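Structural description and commentary
The primary structure of each chain is shown beneath.
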Amino acid sequence: MRDFVRGIQDKLRPGCDLSPTEASEYRLNLSALLGNCLQEILDADIAYNRVLLMYLDGSEAASRAKIRAECSPEFQRRQEARNTKELVVEMSRALNKFLDSQREEMRLGGYQR
């Protein structure tokens, strides 16, 4: 999923030649991916909470248990899932702004492609 999102991100770099049709397709793909991101966040949160609970059950201080849990692969997965969701949301917003500006340009008669 992250690779697919990064692939779209690469196509949206500044200076890219993006048509309104392509932007609409990317926005649709990102909207569909948002649900996948939310499920990944849920799964990653559950996995991380299990690790945290394991350290807390080890009768360590809560602060030390949290630090140990945050060094785990489960925490990294959790953070990557959250970062991917934020990237999807921000790219969707950028595409919405792009499409709004293209509609305005077409309304004013200035879009030529």
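In short, a report on the structure.

Parameters and conventions
Within each chain, residues carry numbers counting from 1 in the order of the written sequence. It should be noted that, the model being predicted, local features are given only for residues of pLDDT at least 70 and side-chain atom pairs only at 80 or more, the latter also being counted only at that level, while totals for whole chains, interfaces and linings use all residues. Just so you know, side-chain values use all the structure's heavy atoms and leave hydrogens and water out. Numbering of helices and strands runs from the N terminus; a helix is a DSSP stretch of H or I covering at least four residues, while a strand is a stretch of E covering at least two. Only protein chains enter the area calculation, which uses a 1.4 Å probe; residues under 20% of their type maximum are buried, those over 50% are exposed, and those in between are partly exposed. Working convention: axes come from line fits to C-alpha atoms, limited for helices to the stretch in contact. Angles between N-to-C directions cover 0 to 180 degrees. Comment on the angle field: the value is read as roughly parallel under 35 degrees, roughly antiparallel over 145, roughly perpendicular from 65 to 115, and oblique elsewhere. With the far helix as reference, a near helix turned anticlockwise by less than a right angle produces a left-handed crossing, and one turned clockwise produces a right-handed crossing. As a working rule, the residues Ala, Val, Leu, Ile, Met, Phe, Trp, Tyr, Cys and Pro are called nonpolar, Asp, Glu, Lys and Arg charged, and the rest polar, with Gly in that last group.

1. What to know about the environment of Lys 11
Tracing the backbone shows Lys 11 in helix α1 (residues 2-11). Its relative accessible area of 47% is what places Lys 11 among the partly exposed residues. Separated by 28 residues in the primary sequence, Lys 11 and Gln 39 have C-alpha atoms spaced 25 Å apart.

2. What about the packing of helix α2 (residues 20-57) against helix α4 (residues 73-107)?
When two helices pack together, their arrangement is given by the angle between the helix axes and the distance between those axes. Where α2 contacts α4, the two axes come as close as 8 Å, and the packing angle between them is 160°. Classified by the angle their axes make, α2 and α4 are roughly antiparallel. Classified by chirality, the crossing of α4 by α2 is left-handed. Considered class by class, the residues forming the contact of α2 with α4 number 20 nonpolar, five polar and nine charged.

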